[in-house]
Amino acid sequence: MNRWFLVFFVVAIAGLALVIYYDSRPDMQTAETQQTPSSQHHETFGQTSETYFDFHGDVDVSSPESIRGRISEIEERLSGMDAQSRAAIPFYGELMLLYQQLGRQDGAAEASRHIGLITNDPDDWWKAGLLNHQWAQRLTDQEGRDFFLLKSIEAYDEAVALTQNPSLYTDFSIALAAYGNEERAMELLESAIASDPEYFRAFLYAGMILYESDKKDESIAYIRRSIEKADSEDELEMIHTLIAGTSIEI
């Protein structure tokens, strides 16, 4: 893996980690203000009247032992419930919070997948895709990494079957590129651009994939368009961070 791919995915995963963190904070999860992955990009969908990102039992979140004990309690409770019951949703939501406190995005992703199986809400599938991808990038063995990237792709497939969203398409494309499916990644990015021609991230990641494919002129054209469409210093910094890992001169 060359330097660009390392920079590409470090920046991408850092952004996704912030999305997931703010998405899952208990104090932000009320029926009226629940954040979705897409809300970080000024888009919303699939909001629910339920509040399932919360702690529903006694747990000391500063103690890994206490967290693991609560996880065991919840998993025992779930083992006696109908897997498709909406009554299980708050427990899976709590599991997501607990596993993330332990730095276990794989466990959080599996909890979100279970919520998706119950709600069939693209937001829940999207979270599962993000978390599985984040966990995959932490693994050093190729087999394990590919296993969780594939789980990420499967979750994203469920999400894109339910909604059209340029931010979702872009996040999905990053996982596909990591798995080596640049062709489908580019198809999704082109769909994102067609859906929202002002969305800078779609142009940026399309440009970086083209760069990796040795299509330098096309790559530069896309990256220049991403710079034109960036609305803030943070967005420009993100672009320049990626460019810094390449030989591209803008």
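Located above this text is the structure these notes cover.
Residues numbered from 1 in each chain as written. Predicted model: local features only at pLDDT ≥ 70, side-chain atom pairs only at ≥ 80, totals over all residues. Heavy atoms only, no water.

*Asks:* Would you mind showing me how to read the overall build of the protein here?
*Replies:* For the protein, the helix and strand inventory stands at 11 helices and zero strands. Listed N to C, the secondary structure of the protein is α-α-α-α-α-α-α-α-α-α-α in terms of helices and strands. Residues counted as buried form 51% of the 250 residues belonging to the protein. For the protein, restricting intrachain contacts to residue pairs at least 6 apart in sequence, the fraction spanning at least 24 positions comes to 57%. Accessible surface for the protein amounts to roughly 11,700 Å². Of this, 47% is attributable to carbon and sulfur atoms. (Helix = DSSP H or I, 4+ residues; strand = E, 2+ residues; numbered from the N terminus. Buried < 20%, exposed > 50% of the residue type's maximum accessible area, 1.4 Å probe, protein only. Contact = heavy atoms within 4.5 Å. Areas by Shrake-Rupley, 256 points an atom, 1.4 Å probe, with all protein chains shown as cover.)

*Asks:* It is not clear to me how the packing of helix 3 (residues 89-101) against helix 4 (residues 105-119) should be interpreted in this structure. Could you clarify?
*Replies:* For any two helices packed against each other, the geometry is given by the interaxial angle and the distance between the axes. Their axes nearest at 8 Å, the elements helix 3 and helix 4 cross at an angle of 160 degrees. Relative to helix 4, helix 3 is oriented roughly antiparallel. Seen along the crossing, helix 3 lies across helix 4 with a hand that is left-handed. Of the residues in helix 4, those touching helix 3 at Ile89, Tyr92, Gly93, Leu95, Met96, Tyr99 and Gln100 are Gly107, Ala108, Ala111, Ser112, His114, Ile115, Ile118 and Thr119. (Axes fitted to C-alpha atoms, helices over the stretch in contact; angles between N-to-C directions. Parallel < 35°, antiparallel > 145°, perpendicular 65-115°, else oblique. Left-handed = near helix turned anticlockwise from the far one by under 90°.)

*Asks:* How should the packing of helix 8 (residues 182-195) against helix 9 (residues 200-212) be read in this particular structure?
*Replies:* Between helix 8 and helix 9, the shortest axis-to-axis distance is 9 Å and the interhelical angle comes to 155 degrees. As summarised for this structure, helix 8 and helix 9 are arranged roughly antiparallel, according to the angle between their axes. As for how helix 8 packs across helix 9, the hand of that crossing is left-handed. Side by side, helix 8 and helix 9 meet where Glu182, Ala185, Met186, Leu189, Ala192 and Ile193 of the first sit next to Ala202, Phe203, Tyr205, Ala206, Ile209 and Leu210 of the second. Here the residues of the contact of helix 8 with helix 9 sort into 11 nonpolar, no polar and one charged. (Nonpolar A, V, L, I, M, F, W, Y, C, P; charged D, E, K, R; others polar.)

*Asks:* What should I look at first to understand the nonpolar core in this one?
*Replies:* As a rule of thumb, nonpolar side chains are buried together in soluble globular proteins. Tyr156, Phe172, Leu189, Leu204 and Ile239 are the most contacted members of the largest nonpolar core, which has 42 residues in total. Looking at this core, the elements with two or more residues in it are helix 5 (122-136), helix 6 (142-160), helix 7 (166-179), helix 8, helix 9, helix 10 (216-229) and helix 11 (233-244). The dominant element in this core, judged by the number of residues it contributes, is helix 9, at 10 residues. Beyond its immediate chain neighbours, meaning those up to four positions away, Tyr156 contacts Trp126, Gly129, Leu130, Leu168, Asp171, Phe172 and Ala175. The next biggest cluster of nonpolar side chains, apart from the first, holds 18 residues, and it includes Ile67, Tyr92, Tyr99 and Ala111. (Core = buried A, V, L, I, M, F, W, Y, C linked by side-chain atoms within 4.5 Å.)

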